[in-house]
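Take a look at the letters that make up each chain.
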Amino acid sequence: MIWHLIVMMGLAWLIQSVFGFIQIKHFNRKYAELRSLGRVAIGKRTGMFRAGTVVMFAIDKQNTILRASKMQGVTVFSRVKDLKGFEGKNLLKISEKDYKKVNKLTQFAIEDALKSYDVISKGGELKVKKGWIDYVMPKKS
């Protein structure tokens, strides 16, 4: 009986890994499409038990948004979709008014993209945020 449980858990892990690989491959393909248009500003809002959200803005040299995309969901079936209403706007001049029509998680991801772009454009480096695994298994210094 216990062997059945172990085999089932192993199969579930394998299936999740395959679907996760497919999701990452899809995300990378969409990122490459946006990158072919120009620079890409990326923002994310991770969720432990809520939907995670990633937004990507393809921008030209004047910081005009050429195309916007987002991926949102809690499962490996989430896919990158177009984020309408941002094309033609200047990334640096986006205000809360411009993104009030999207959900809260997407708003947080957009704000993260704006902050990340600001740090990178000034020559800074982004701080790596701790994930849940860092709290569960802290690294010894």
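Draft legend 1. Examining the packing of aromatic side chains more closely. By the definition in use, this model includes one aromatic pair. When the centroid spacing of 5.7 Å and the interplanar angle of 70° are considered together, the rings of Phe57 and Phe86 count as edge-to-face. A residue pair is termed long-range when its members are at least 10 positions apart, and Phe57 in strand β2 (residues 52-59) and Phe86 in the loop between β4 (80-82) and α2 (104-121) qualify at 29 residues. Note on accessibility: Phe57 and Phe86 belong to one class, buried. Taking NZ or CZ as reference, Arg45 lies 4.5 Å from the ring centre of Phe108, over its face.

Draft legend 2. Up close: the nonpolar core. Val55, Phe57, Ile65, Leu83, Phe86, Leu91 and Ile110 are the most contacted members of the largest nonpolar core, which has 16 residues in total. It is α2 that contributes the most residues to this core, four residues altogether. Beyond its immediate sequence surroundings of up to four residues, Leu91 is in contact with Ala41, Phe57, Ile59, Asn63, Ile65, Leu114 and Tyr117. Ranked by size, the runner-up nonpolar core spans eight residues in total, among them Phe27, Leu34, Val40 and Met71.

Draft legend 3. Fine view of the pattern of salt bridges. Per the stated rule, a full pass over the model turns up six salt bridges. Its salt-bridge partner being Asp82, residue Arg67 comes within 3.9 Å of it at the nearest N-O pair. Here the residue Arg67 occupies a position in strand β3 (residues 65-73), and Asp82 occupies one in strand β4, the gap between them amounting to 15 residues. Judged by relative accessible area, which is 26%, Arg67 ranks as partly exposed. Note on Asp82: relative accessible area 45%, which makes it partly exposed. Notably, a salt bridge pairs Lys89 with Asp98, separated by 3.1 Å at the nearest N-O pair. On the basis of relative accessibility, which here comes to 13%, the residue Asp98 falls in the buried class.

The rules behind each value
Residues numbered from 1 in each chain as written. Predicted model: local features only at pLDDT ≥ 70, side-chain atom pairs only at ≥ 80, totals over all residues. Heavy atoms only, no water. Phe/Tyr/Trp six-rings, centres within 6.5 Å; stacked < 30°, edge-to-face > 60°. Helix = DSSP H or I, 4+ residues; strand = E, 2+ residues; numbered from the N terminus. Buried < 20%, exposed > 50% of the residue type's maximum accessible area, 1.4 Å probe, protein only. Lys NZ or Arg CZ within 6 Å of the ring centre and 35° of its normal. Core = buried A, V, L, I, M, F, W, Y, C linked by side-chain atoms within 4.5 Å. Contact = heavy atoms within 4.5 Å. Salt bridge = Lys/Arg side-chain N within 4 Å of Asp/Glu carboxyl O.

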